[in-house]
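Overview (structure and organization)
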Amino acid sequence: MPITAPAAPEKRDIPAEMTLNLRLTQDTQPINLFGLCAASIPIPGCPAPVGLQLIGPAQRDDDLLALAMRLDQILRNG
């Protein structure tokens, strides 16, 4: 993500939320447009919030989620 996601606001400002959403999803939108599935897992131990995005074929969400969960466990436990 190009920016860190902010906390949820107390009051909704729809135009501002739409602009923020576009910024937050600009790197993931191509995956959605091609109908693929994706998951992002945090990389522990980095000074900045960094994640690893995994991309899989369409209709394989369960397999990708299982892989992401296993990889997350490996990264957290070494």
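Only a predicted model underlies this, so the values are computations on that prediction, with no experimental measurement involved.

**Some remarks on the environment of Leu36**
For Leu36, the position within the fold is in the loop between helix H2 (29-33) and strand S1 (37-42). Classification of Leu36 as partly exposed rests on a relative accessible area of 35%. For the pair Leu36 and Arg60, spaced 24 residues apart in the sequence, the C-alpha separation amounts to 8.5 Å. If sequence neighbours within four positions are ignored, Leu36 has contacts with Ile31, Ile55, Gly56, Pro57 and Ala58.

**Remarks on the nonpolar core**
Cys37, Ala39, Ile41, Leu54, Leu64 and Ala68 form the largest nonpolar core, which has 6 residues in total. Going through the elements one at a time, S1 and helix H3 (61-77) are the ones with two or more residues in this core. For this core, the element with the most residues is S1, which contributes 3 residues. Excluding anything up to four places from it in sequence, Ala68 contacts Ala39, Ile41 and Leu54.

**Comments concerning H3**
Taking 1.5 Å of rise per residue, 17 residues should cover 24 Å, and H3 covers 24 Å from first to last C-alpha, within 8% of that figure. Restricting attention to buried positions, one finds in H3 the residues Leu64, Ala68 and Asp72. Summarising the axial view, the buried residues of H3 lie within an arc of 75 degrees, below the 170-degree limit, and thus occupy one face. Of the exposed residues in H3, the ones pointing more than 90 degrees away from its buried face are Asp62, Met69 and Asn77. For H3, the elements touching its buried residues are S1 and strand S2 (51-56). Just past H3, the residue Gly78 takes up positive phi, approximately 80 degrees.

Reading guide: rules and limits
Residues numbered from 1 in each chain as written. Predicted model: local features only at pLDDT ≥ 70, side-chain atom pairs only at ≥ 80, totals over all residues. Heavy atoms only, no water. Helix = DSSP H or I, 4+ residues; strand = E, 2+ residues; numbered from the N terminus. Buried < 20%, exposed > 50% of the residue type's maximum accessible area, 1.4 Å probe, protein only. Contact = heavy atoms within 4.5 Å. Core = buried A, V, L, I, M, F, W, Y, C linked by side-chain atoms within 4.5 Å. Expected span 1.5 Å × (residues − 1). Arc of directions from axis to C-beta.

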